[in-house]
Amino acid sequence: GDTCTADIDLGLSAWIRGEKLRLNRINAPELRGASAAKGRAARDHLKKLVEGRDVWLQTIKDRREKYGRYLAELWITQPDGSTLNINDAMVAAGHAKFQKY
């Protein structure tokens, strides 16, 4: 629920495929251990929000965190033309909590 894998279009026909991203400012339950059921629900909700859609991505200071993932903010364009911050949407849906790193 706070990590995803993305294919990133850099422009000029240049792509990065399979890049791991850690959603900035939030923390979701883990897929293992006592929180596994909540972790699966968070994963499924994130997947429902972004899978198969064009997603706008902003990396945070273009640096990787301790597990080698880029910290990222994600947005999607909604049918009415407004944008939705995925990181905030995960918290609003109760699948993650805000966390400062």
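How each quantity is defined
- The numbering scheme is per chain: residues are counted from 1 as the chain's sequence reads.
- Thresholds applied to this predicted model are a pLDDT of at least 70 for local features of residues and 80 or more for the giving and counting of side-chain atom pairs; totals over whole chains, interfaces and linings are not thresholded and use all residues.
- As a rule here, side-chain values come from all non-hydrogen atoms in the structure, and water together with hydrogens is ignored.
- Strands here mean DSSP runs of E at least two residues long; helices mean DSSP runs of H or I at least four residues long; both are numbered from the N terminus.
- Expected span of a helix: the number of residues minus one, times 1.5 Å.
- Exposed residues in this analysis have more than 50% of their type's maximum accessible area, buried residues have under 20%, and partly exposed residues fall in between, with area computed by a 1.4 Å probe over protein chains only.
- Put plainly, a pocket is an open set of points on a 1 Å grid over the protein atoms alone with protein on both sides within 12 Å along at least five of seven lines, a cavity is a set where a 1.4 Å probe fits but cannot get out, and a lining residue has an atom within 4 Å of a point.
- Grid points are joined across faces, edges and corners, and a volume is the space filled by probe spheres set on the points.
- For this classification, Asp, Glu, Lys and Arg are treated as charged, while Ala, Val, Leu, Ile, Met, Phe, Trp, Tyr, Cys and Pro are nonpolar and the rest, including Gly, are polar.

**Q** Got a minute to help me understand helix 1 (residues 36-50) in this structure?
**A** For helix 1, built from 15 residues, the straight-helix expectation of 21 Å at 1.5 Å per residue is met to within 8% by its first-to-last C-alpha distance of 21 Å. For helix 1, the full list of buried residues reads Ala36, Gly39, Ala42, His45, Leu46, Leu49 and Val50. Just past helix 1, the residue glycine 52 takes up positive phi, approximately 80°.

**Q** How should I be thinking about the layout of surface pockets in this particular structure?
**A** Empty space among the atoms becomes apparent when a probe as large as a water molecule is rolled across them. Each pocket or cavity is described by its volume, and for the largest pocket that value is around 480 Å³. Residue lining of the largest pocket: 17 residues in total, with Ala6, Asp7, Arg53, Asp54 and Val55 positioned closest to the centre. Going through the elements one at a time, strand 1 (3-11), strand 2 (14-23) and strand 4 (56-64) are the ones with two or more residues in the lining of the largest pocket. Top contributing element to the lining of the largest pocket by residue count: strand 1, with six residues. Split into classes, the residues belonging to the lining of the largest pocket amount to 10 nonpolar, two polar and five charged. Its boundaries defined by the atoms lining it, the second largest pocket holds a volume of some 410 Å³. If you go around the second largest pocket, you meet 20 residues; those closest to its centre are Gly1, Asp2, Thr3, Glu30 and Leu31. Contributions of two or more residues to the lining of the second largest pocket are made by strand 1 and helix 1. At five residues, helix 1 tops the list of elements feeding residues into the lining of the second largest pocket.

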